[in-house]
Amino acid sequence: MSFLTLTSIQKSFGPVQVVKDFNMGIEKGEFVSFLGPSGCGKTTILRMIAGFETPSGGTIQIGGTSQENLKPNQRNIGMVFQAYALFPNMNVADNVAFGLKIAGKPKAEIDARVKEMLGLIKLDHLAERYPYQMSGGQQQRVALARALAPKPQVLLLDEPLSALDAKIRVSLREEIRMIQQQLGITTVFVTHDQEEALSISDRIVVMNAGRADQIGTPYEIYNRPSTRFVASFVGTLNLIEAKVVDPATNRITIGDQGITLREPLGAVRAGDTVSLALRPEAGSIAEGAKGDTALSGEVISSNFLGSVIRTRMKVGESVISFDMFNSPGLVPPAVGDVVTLRFTASDLLIIRE
Amino acid sequence: MSIWARIAGWAALIFGLLYFFVPLGGLFEFSLKARRGVYSLDAYASVFADPQFQQTFGYSVIMALVTIVIGILIVVPTAYWVRLKMPWARPYVEFLTLMPLVIPAIVIVFGYIRLYNTSSWLPLTGSVMGTNILLAFGYTILALPYMYRAVDTGLRTIDVATLTEAAQSLGAGWATILGRVILPNVIPAVLSGAFLTFAIVIGEFTLAALLDRPAFGPYLQRVGANKAYEPFALSVIAFAITWGCLALIQLVSRFSKTAPRKA
Ligand SMILES: Nc1ncnc2c1ncn2[C@@H]1O[C@H](COP(=O)(O)OP(=O)(O)OP(=O)(O)O)[C@@H](O)[C@H]1O
Ligand SMILES: [Mg+2]
């Protein structure tokens, strides 16, 4: 059994079921992100783990112990909030020491641990500051140190970076990940930012309307999305409608262009429609590009995005976007040009709901 | 703004200040006239020398402190709980705390005397201590509107729910949360409620007189009825106490260490 096990978790607020049959096992020392759109139930699950909400059904176990009858202050779980939630009347050192004082640790031990934690977040020099004298990023680091100081079994972070500006968001998420790996603490991180989830997680749970649509490594989630929702939520993705020509040979058509898929089509009949997914970065229109498969179409737009140029072309009824890396000599395709995109047939994923 | 509007504004302000300060000035001036022909502090000296002044004032100060403690113990947890768990109940609780402004103190005290007289189930008026307790609770009721409002406003400046959860996740129980997290963050608000309570209790007449306790309010009244200059000196002293309280409220709210809340 996993270290943190959620079994058939359900939660209803009145008549509304917000979490529906959620199952997951999280290993000791693992960093798991809950990724999903607003209102899909991420915070609710986190709050059930912390004990602030009671599940309507199902069980939560940490290290083999059921959490059912434990109050939030008995669970030994560290929590970091979006709004920092530092105690305004205490300075940095006292904030970090709070949990240790409550646990009745001796003064010398508390002082040593506070020092260690402030070193970990590189804020030793601000120990005497009060929360209102610090930037958001600094406050959130203190909140992290405060949550970690009592050595919790599990660390929960609910969109800890959403209130910060873009630059700090990136550096702090890397810092969080480094500290997490250094301490080996089991961590659940809630976010609705896919880049954040992809960049720092061991595994990602993509949530949709109270359910886990897919659980997997960032690599799996990005490259092998198992549902249409995951495919469209994570990364930019072309969703292409194709017609089945011959299920036996995996032959399909997009517009009037025939393609043979690698992946078996499964139980479909000739004439059925299937959804295919293709990442914008999977193909190339360069002269002599590699690839066993090609699609041609007319360019309908071409946008300069800095490091890449994103071009959209029309193939039959579908619009397919593809990216080219920017380089000084590159001539972007013009609207109205007919271009041929080459890629490997295995890059075309079949999306089964 | 035109010059005329500005002049009119100043005129209104000056009129208002005169309206307040001329009578006060007269009061003060008269209180200095105890000795024929010269200004003197004789009236004040006689007031301060009066053992009754010392006793009643001391009694009222102690009652005020007791009232403040009872008020804090009742109001802070209540206002906190309402904000945290029953936000829907806030308008009702607020309405309830305003009742003492609507119901005259005389009604409250007659109610008390009826409920707690010597032949009742809880004969509080039967002993001095019991009557003191009754008086303190009566004062608490009178101060409730001010105390509740002050504390509730203070609670609005902090994120009560998230701070509570943060403390809980760090292992804190309710007593710790209230004592170490919530109360310290509303201290300025609690203090301003406390100074208002102090000012109310020091001058209160009805409850103390009808419960027959040796408080400062009834003493003021007695002196006023029987002496010439001393009542005016006393009035000036009473004003000074009230203003002292108001000044302290200003001070605490200005020098409070907590940050203004971010949205
Ligand atoms: N205490 C509550 N009472 C009633 N409904 C609630 C309560 N808490 C959450 N909900 C509802 O449950 C649903 C899921 O909420 P939750 O906060 O878990 O979403 P989320 O995935 O964290 O979203 P976000 O990304 O916006 O934070 C929402 O529709 C929300 O309105
Ligand atoms: Mg949320």
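Since this is a predicted model, take the numbers as computed values, not measurements.

Caption draft 1: Local environment of the overall build of chain A. Across its full length, chain A carries 8 helices and 19 strands. Restricting to contacts in chain A with at least 6 residues of sequence separation, those with at least 24 account for 65%. A total of about 15,800 Å² of accessible surface is found on chain A, and carbon and sulfur atoms cover 50% of it. Between the mean site of the 36 positive side-chain charges and the mean site of the 36 negative ones, chain A shows a separation of 5 Å.

Caption draft 2: Structural context of helix 1 (residues 3–31) of chain B. Residues and elements named next belong to chain B. Between its first and last C-alpha, helix 1 extends 41 Å over 29 residues, near the 42 Å set by a 1.5 Å rise per residue. Of all the bends in helix 1, the largest measures some 30 degrees and sits at Phe21, one to four residues before the proline Pro23. Buried residues of helix 1: Leu24, Leu27 and Ser31, and no others.

Caption draft 3: Representation of the sheet that holds strand 4 (residues 57–62) of chain A in the model. All names here are of chain A. Sheet architecture is open: 4 strands sit in the order 2-1-4-5, paired in antiparallel fashion. Strands with a single pairing partner mark the edges of an open sheet, and in this sheet they are strand 2 (16–26) and strand 5 (65–66). With 5 bridges connecting them, strand 1 (residues 4–13) and strand 4 associate as antiparallel partners. Along strand 4, the bridge assignment pairs Thr7 with Thr59. Running at roughly 115 degrees to strand 1, helix 1 (residues 42–50) makes contact with strand 1, strand 2 and strand 4 of the sheet.

Caption draft 4: Structural view of the site of ligand 1. All names here are of chain A. Around ligand 1 sit Phe13, Val18, Pro37, Ser38, Gly39, Cys40, Gly41, Lys42, Thr43, Thr44, Glu159 and His192, and that is every residue in its neighbourhood. Take Lys42: an N or O atom from its side chain is 2.8 Å from an oxygen atom of ligand 1. The side chain of Thr43 places a nitrogen or oxygen atom 2.5 Å from an oxygen atom of ligand 1. In the complex, the protein chains occlude 57% of the 640 Å² of accessible area that ligand 1 would expose alone. When residues in the shell around ligand 1 are grouped by element, the largest group, 3 residues, is from helix 1. Tallied by class, the residues present in the shell around ligand 1 amount to 4 nonpolar, 6 polar and 2 charged.

Caption draft 5: Structural context of the pairing of strand 3 (residues 31–35) of chain A. Residue and element names in this part refer to chain A. Along strand 3, 5 of the 5 residues are buried, which leaves the element largely enclosed by surrounding structure. Here strand 3 runs beside strand 8 (residues 186–191); their pairing, made up of 5 bridges, is parallel. The residue bridging Ser33 from the neighbouring strand is Phe189, located in strand 8. Here 4 bridges tie strand 3 to strand 9 (residues 203–208), and the two strands are oriented parallel to one another. Note that in strand 9 the partner of Leu35 across the bridge is Val206.

Caption draft 6: Geometry of the domain arrangement of chain A. All names here are of chain A. In terms of domains, chain A is made up of domain 1 (4–226) and domain 2 (238–351). Here the C-alpha centre of domain 2 lies 40 Å away from the C-alpha centre of domain 1. With 5 residues of domain 1 in contact, the opposing surface of domain 2 contributes 5 residues. Together domain 1 and domain 2 conceal approximately 460 Å² of surface at their shared face, both sides included; 44% is due to carbon and sulfur atoms. Looking at the side of domain 1 facing domain 2, the largest losses of area belong to Tyr222, Arg224 and Pro225, adding up to 84% of the total buried there. Of the residues contributing to the side of domain 1 that touches domain 2, the split by class is 3 nonpolar, 1 polar and 1 charged.

Caption draft 7: Spatial organisation of the interface of chain A and chain B. The partner chain B presents 21 residues to the 23 residues of chain A that form the contact. Of the roughly 2,000 Å² buried between chain A and chain B on both sides combined, carbon and sulfur atoms contribute 64%. For the interface between chain A and chain B, the tally reads 1 salt bridge. Glu165 of chain B is the partner of Arg47 of chain A in a salt bridge, and the nearest nitrogen-oxygen pair spans 2.8 Å. The tally of links between chain A and chain B comes to 4 residue pairs in polar contact (both at pLDDT 80 or more). Those elements that place two or more of their residues in the side of chain A that touches chain B are strand 6 (77–80), helix 2 (92–102) and helix 4 (136–148) of chain A. The greatest single-element share of the side of chain A that touches chain B, amounting to 4 residues, is contributed by helix 2 of chain A. Of the residues assigned to the side of chain A that touches chain B, the class counts are 16 nonpolar, 4 polar and 3 charged.

About the criteria used
Residues numbered from 1 in each chain as written. Chains lettered and ligands numbered in written order. Predicted model: local features only at pLDDT ≥ 70, side-chain atom pairs only at ≥ 80, totals over all residues. Heavy atoms only, no water. Helix = DSSP H or I, 4+ residues; strand = E, 2+ residues; numbered from the N terminus. Contact = heavy atoms within 4.5 Å. Areas by Shrake-Rupley, 256 points an atom, 1.4 Å probe, with all protein chains shown as cover. Lys, Arg positive; Asp, Glu negative; His and termini not counted. Charge placed at Lys NZ, Arg CZ, Asp CG, Glu CD. Expected span 1.5 Å × (residues − 1). Bend = angle between axes of the 7 residues up to and from the residue. Buried < 20%, exposed > 50% of the residue type's maximum accessible area, 1.4 Å probe, protein only. Pairing = 2+ DSSP bridges. Axes fitted to C-alpha atoms, helices over the stretch in contact; angles between N-to-C directions. Near = heavy atom within 4 Å. Polar contact = N/O pair within 3.5 Å; in protein donor to acceptor, adjacent residues only side chain to side chain. Nonpolar A, V, L, I, M, F, W, Y, C, P; charged D, E, K, R; others polar. Domains from an automatic or database assignment. Buried area = accessible area lost by both parts, 1.4 Å probe. Salt bridge = Lys/Arg side-chain N within 4 Å of Asp/Glu carboxyl O.

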